[in-house]
Amino acid sequence: TVAMTVLGIDLLRYLLAAGVAWLAVFVLLKSRLAGRRILGAATRPGQVRHELTYSMATVVIFAAHGLLTYLLAEAGRLQLYADAGRHGWAWWWLSLALIIVAHDTWFYWTHRLLHQRRLFAAVHGVHHQSRHPTPWAAYSFHPLEAWVQAAFLPLWLALVPTHTGVVGLFLLHMIVRNVIGHCSHELMPRSAVPGGWLGFITPVSHHHYHHARNRGNYGLYFTWWDRWCGTEDAEYRRAGADVSPAPTAAPASGSAA
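Residues numbered from 1 in each chain as written. Predicted model: local features only at pLDDT ≥ 70, side-chain atom pairs only at ≥ 80, totals over all residues. Heavy atoms only, no water.

Asker: If you had to explain the nonpolar core to someone new, which residues and values would you point to?
Answerer: Counting residues in hydrophobic clusters, the biggest one holds 34 residues, and the most contacted among them are Ile 99, Ile 100, Tyr 139, Phe 170, Val 179 and Tyr 221. Broken down by element, this core gets its largest block of residues, six residues, from helix 7 (residues 164-181). Dropping the residues within four chain positions of it, Phe 170 is found in contact with Leu 96, Ile 99, Ile 100, His 103, Phe 152, Leu 153 and Tyr 221. (Core = buried A, V, L, I, M, F, W, Y, C linked by side-chain atoms within 4.5 Å. Buried < 20%, exposed > 50% of the residue type's maximum accessible area, 1.4 Å probe, protein only. Helix = DSSP H or I, 4+ residues; strand = E, 2+ residues; numbered from the N terminus. Contact = heavy atoms within 4.5 Å.)

Written out as structure tokens, the structure reads:
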């Protein structure tokens, strides 16, 4: 059935991306990347089990949204199309860039909202139980947070005509960037971040400082919103890709946005 197919795709997408990252960073290249661990990152007992448990719930919720998106598209309620000639290749590539930028915006503001104290304690704190996350934490969300994040795609498709191939590349980009952002080892060169020529892209350390310190760095793909809104962690700006500093204790609850 369509429902099982969508569920299988979502599950496989998560398991393959997180599994490959885990195998590469935490197993095959463990010794070589030891010096790239951020803030002395160490996995606590039971952490991976926690990340997998909540990630499985997120897979189900994402699949439910995927099924809803499919049904709405079939009913003609969403602007999803399969013929690239319908809007041309220029729009095809422009819409790919726009959906990634729009999703980064959606993530920044919903993420920042979830750091309000009450929402952090009730919802987002589930994700922050991984102070030094592994790739399996990419989907480790409270169910309500999973629903919020899954809502982006159908809302986008209700407003913006988008080719099916663009949606597929967007979803691939989303899981790859999400998994890499939770691998606890800086993979970008020190010369590139945070003030280097790739400073507009969030490196692993950008999101890892968010987990370890809980003092800003709400962006997903880009650093723009954090810089424009003054929410970039000052310690991250100082240390950047220098992975050696000892971690500062994270506060027990989210700070006000």
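Asker: Mind laying out the side chain of Thr 223, listing which residues take part and the relevant values?
Answerer: Within the element layout of this structure, Thr 223 appears in the loop between helix 8 (204-213) and helix 9 (224-229). Note on Thr 223: relative accessible area 0%, which makes it buried. Those residues in contact with Thr 223 that sit more than four places away from it in its chain are Gly 199, Phe 200, Ile 201, Thr 202, His 206 and Glu 232.

Asker: Break down helix 8 for me, with residues and values.
Answerer: Within helix 8, 10 of the 10 residues are buried, leaving the element largely enclosed by the surrounding structure. Residues of helix 8 that are buried: Val 204, Ser 205, His 206, His 207, His 208, Tyr 209, His 210, His 211, Ala 212 and Arg 213. Tucked inside the fold, the buried residues of helix 8 contact helix 3 (89-114), helix 4 (117-128), helix 7, helix 9 and helix 10 (234-239). Phi turns positive one or two residues past the end of helix 8, at Asn 214, with a value near 55°.

Asker: Help me get a handle on a nonpolar patch on the surface, residues and values and all.
Answerer: Residues Leu 169, Leu 172, Val 176, Ile 180 and Leu 187 make up a contiguous nonpolar surface patch of roughly 380 Å² in combined accessible area. In this structure, Leu 169 sits in helix 7. Residue classification places Leu 169 among the partly exposed positions, given a relative accessible area of 35%. (Patch = residues over 30% accessible without salt bridge, like charges linked within 9 Å, V, L, I, M, F, W, Y side chains within 5 Å. Areas by Shrake-Rupley, 256 points an atom, 1.4 Å probe, with all protein chains shown as cover. Salt bridge = Lys/Arg side-chain N within 4 Å of Asp/Glu carboxyl O.)

Asker: Report on the layout of surface pockets, specifying residues and quantitative values.
Answerer: With a probe scaled to a water molecule rolled over the atoms, the places where space remains empty come into view. For the largest pocket, the calculated volume is near 830 Å³. In this structure, the largest pocket is lined by 40 residues; those nearest its centre are Arg 13, Gly 66, Leu 153, Val 167 and Leu 171. Mapped onto the lining of the largest pocket, the elements with two or more residues apiece are helix 1 (2-28), helix 2 (47-74), helix 3, helix 4, helix 5 (143-150), helix 6 (152-159) and helix 7. Among the elements that take part in the lining of the largest pocket, helix 7 stands out by supplying nine residues, more than any other. Looking at the second largest pocket, its volume works out to about 250 Å³. If you go around the second largest pocket, you meet 15 residues; those closest to its centre are Arg 177, Ile 180, Ile 201, Thr 202 and Pro 203. (1 Å grid on protein atoms, 1.4 Å probe; cavity = no way out; pocket = protein on both sides within 12 Å on 5 of 7 lines; lining within 4 Å. Points joined across faces, edges and corners; volume = space filled by probe spheres on them.)

Asker: I'd like a rundown of the pattern of salt bridges, residues and numbers included.
Answerer: For the coordinates displayed, the defined rule picks out five salt bridges. Among the salt bridges present, the one from Glu 235 reaches Arg 238, with a minimum N-O distance of 2.6 Å. Of the two residues, Glu 235 and Arg 238 both sit in helix 10, three residues apart, roughly one turn of that helix. By relative accessible area, Glu 235 is classed as partly exposed at 22%. On the accessibility criterion, Arg 238 (59% relative accessible area) is exposed. In this structure, a network of salt bridges that share partners links the residues Arg 227, Glu 232 and Arg 237.

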